[in-house]
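# Structure assessment
Chain by chain, the residues:
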Amino acid sequence: MLDPQARALLDLMAERQVPPTHTLTPAQARAFYRERRFFTQPDPPALEQLRELALPGPAGTLPARLYRPRPAAVVLPLLVYFHGGGWTIGDLDTHDVLCRQLALAAGCAVLAVDYRLGPEHRFPAAFEDCVAATRWARAHARELGVDPLRTAAGGDSAGGNLAAAVSIAERDAGTPPAFQLLIYPATDQRQGAPSHAANGQGYLLTADSARYYRGHYLPDPAQWTDWRASPLLAPDLSRLPPALVLTAGYDPLRDEGRQYADALSAAGSRAQYVCFERQIHGFITMSRVIDEALAAVDLCGAALHRALAA
């Protein structure tokens, strides 16, 4: 059964004739996503410190935001966080509340990264930015007041895809993160898992919108099987950091997340898998209108706290 609060949100969107994302230009979709967040997201909780940063990226400066729930003198673990939005929409502000919530729930610092978006910057631009930001954070741990050995990679949707790919790249470089937080991640750009058909219409993220996002980031089908775009297809998933993979039951990406958790486990990497069976894609940022979002944040925070404990 679909969560009644999620059902009410979908009904309200239909009543107000909210346009599907795939009918909008990227500029329109970005503006709409920023505006829509005020309806579904709660007021931002207060933190001890928030800093706007500019990181060196492979093609220029990357805006970033550091969240700290405790004073600067306290060395904290760190979550490097990549926002969702299909590699096409989303920014620091659309995920500001979630990053604050995770920082408070986990007792860790969070570094949110505003990576380049398609179609202006196509694959592998976002991946390269996220790798660069992760390495910068580790190299500048003292400046950030964080422990470079207790650094996690995380993200939701497209951001979960990027966090998984970054974890593979960093393992191969000999500097894997300590943990992966993968919230309804896209893991296979072929989009052939059964949940794409079962949940492809009527549950916010549609099959048309999923193809729209993929087309802006990965216009060439030959790129879909590159592990940097489809972590599920990586030739080696062993020796990766422990992962929490969280999915939603009415999400087209549900089965990709489960398949990735299973593949990690089969390769000997530790993975926990939790599906919020009654939920839709994107729900974790919607705690103003969906109560189960808070349960998901608490679950993620507890997993981070355990994994990054000194």
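Just so it is clear, the model here is predicted, and its values are computed rather than measured. (Residues numbered from 1 in each chain as written. Predicted model: local features only at pLDDT ≥ 70, side-chain atom pairs only at ≥ 80, totals over all residues. Heavy atoms only, no water.)

Across its full length, the protein carries ten helices and eight strands. Across its three principal directions, the C-alpha atoms of the protein cover 50 × 40 × 35 Å. Total accessible area on the protein stands at roughly 11900 Å², and carbon and sulfur atoms take up 53% of it. Of the charged side chains in the protein, 29 are positive and 32 negative; the average position of the first set lies 3 Å away from that of the second. (Helix = DSSP H or I, 4+ residues; strand = E, 2+ residues; numbered from the N terminus. Areas by Shrake-Rupley, 256 points an atom, 1.4 Å probe, with all protein chains shown as cover. Lys, Arg positive; Asp, Glu negative; His and termini not counted. Charge placed at Lys NZ, Arg CZ, Asp CG, Glu CD.)

Counted under the stated rule, the structure contains seven aromatic pairs. Their ring planes at 85 degrees and their centres at 6.0 Å tell us that F127 and W227 sit as a pair that is edge-to-face. One end of the pair, F127, is in helix α4 (residues 125-139); the other, W227, is in the loop between α8 (207-217) and β7 (243-248), and 100 residues separate them in sequence. Seen from their ring centres, Y184 and F283 are 6.1 Å apart, and the 50 degrees between their planes marks the pair as tilted. Linking Y184 in the loop between β6 (179-183) and α7 (194-198) with F283 in the loop between β8 (271-276) and α10 (292-308), this pair joins segments that are 99 residues apart in sequence. (Phe/Tyr/Trp six-rings, centres within 6.5 Å; stacked < 30°, edge-to-face > 60°.)

Bringing the sheet that holds β8 into the picture now. With respect to topology, eight strands assemble into an open sheet ordered β1-β2-β4-β3-β5-β6-β7-β8, the strand pairing being mixed. Looking at the sheet topology across the chains shown, the edges are occupied by β1 (49-57) and β8. For this sheet, the mean angle separating the axes of adjacent strands, direction not counted, is 20 degrees. With four bridges joining them, β6 and β7 adopt parallel strand pairing. Across the sheet, the residue bridging to L181 is L244, located in β7. Strands β3 (76-82), β5 (146-156), β6, β7 and β8 of the sheet are contacted by α10, whose axis makes an angle of about 170 degrees with β6. (Pairing = 2+ DSSP bridges. Axes fitted to C-alpha atoms, helices over the stretch in contact; angles between N-to-C directions. Contact = heavy atoms within 4.5 Å.)

We now examine the nonpolar core. Counting residues in hydrophobic clusters, the biggest one holds 58 residues, and the most contacted among them are F82, L162 and Y260. In terms of residue count, the dominant contributor to this core is helix α6 (residues 158-172) (eight residues). Residues contacting F82, with those up to four places away along its chain left out, are V113, Y115, C130, T134, G154, G155, D156, G159, L162, A163 and V166. (Core = buried A, V, L, I, M, F, W, Y, C linked by side-chain atoms within 4.5 Å. Buried < 20%, exposed > 50% of the residue type's maximum accessible area, 1.4 Å probe, protein only.)

Tracing the chain through its elements places S195 in helix α7. S195 sits in the buried class, given a relative accessible area of 0%. A polar atom in the side chain of S195 sits 2.7 Å from the backbone oxygen of P252. (Polar contact = N/O pair within 3.5 Å; in protein donor to acceptor, adjacent residues only side chain to side chain.)

Where helix α3 (residues 96-106) contacts α10, the axes come no closer than 8 Å and their chain directions differ by 50 degrees. Between α3 and α10, the crossing angle belongs to the class labelled oblique. Between α3 and α10 lies a crossing whose hand is right-handed. Between α3 and α10, the residues in contact are L98, Q101, L102, A105 and A106 and L294, V297, C300, G301, L304 and H305, respectively. (Parallel < 35°, antiparallel > 145°, perpendicular 65-115°, else oblique. Left-handed = near helix turned anticlockwise from the far one by under 90°.)

Taking 1.5 Å as the rise per residue, helix α1 (residues 4-15) with twelve residues should run 16 Å; its terminal C-alpha atoms sit 16 Å apart, in good agreement. Residues of α1 that are buried: A6, L9, L10 and M13. Viewed end-on, α1 has its buried residues packed into an arc of 95 degrees, placing them on one side of the element. Just downstream of α1, Q17 is the residue with a positive phi angle, here 55 degrees. (Expected span 1.5 Å × (residues − 1). Arc of directions from axis to C-beta.)

Tracing the backbone shows A133 in helix α4. For the pair A133 and V97, spaced 36 residues apart in the sequence, the C-alpha separation amounts to 21 Å. For A133, the residues in contact, after removing those within four places along its chain, are L55 and V113.

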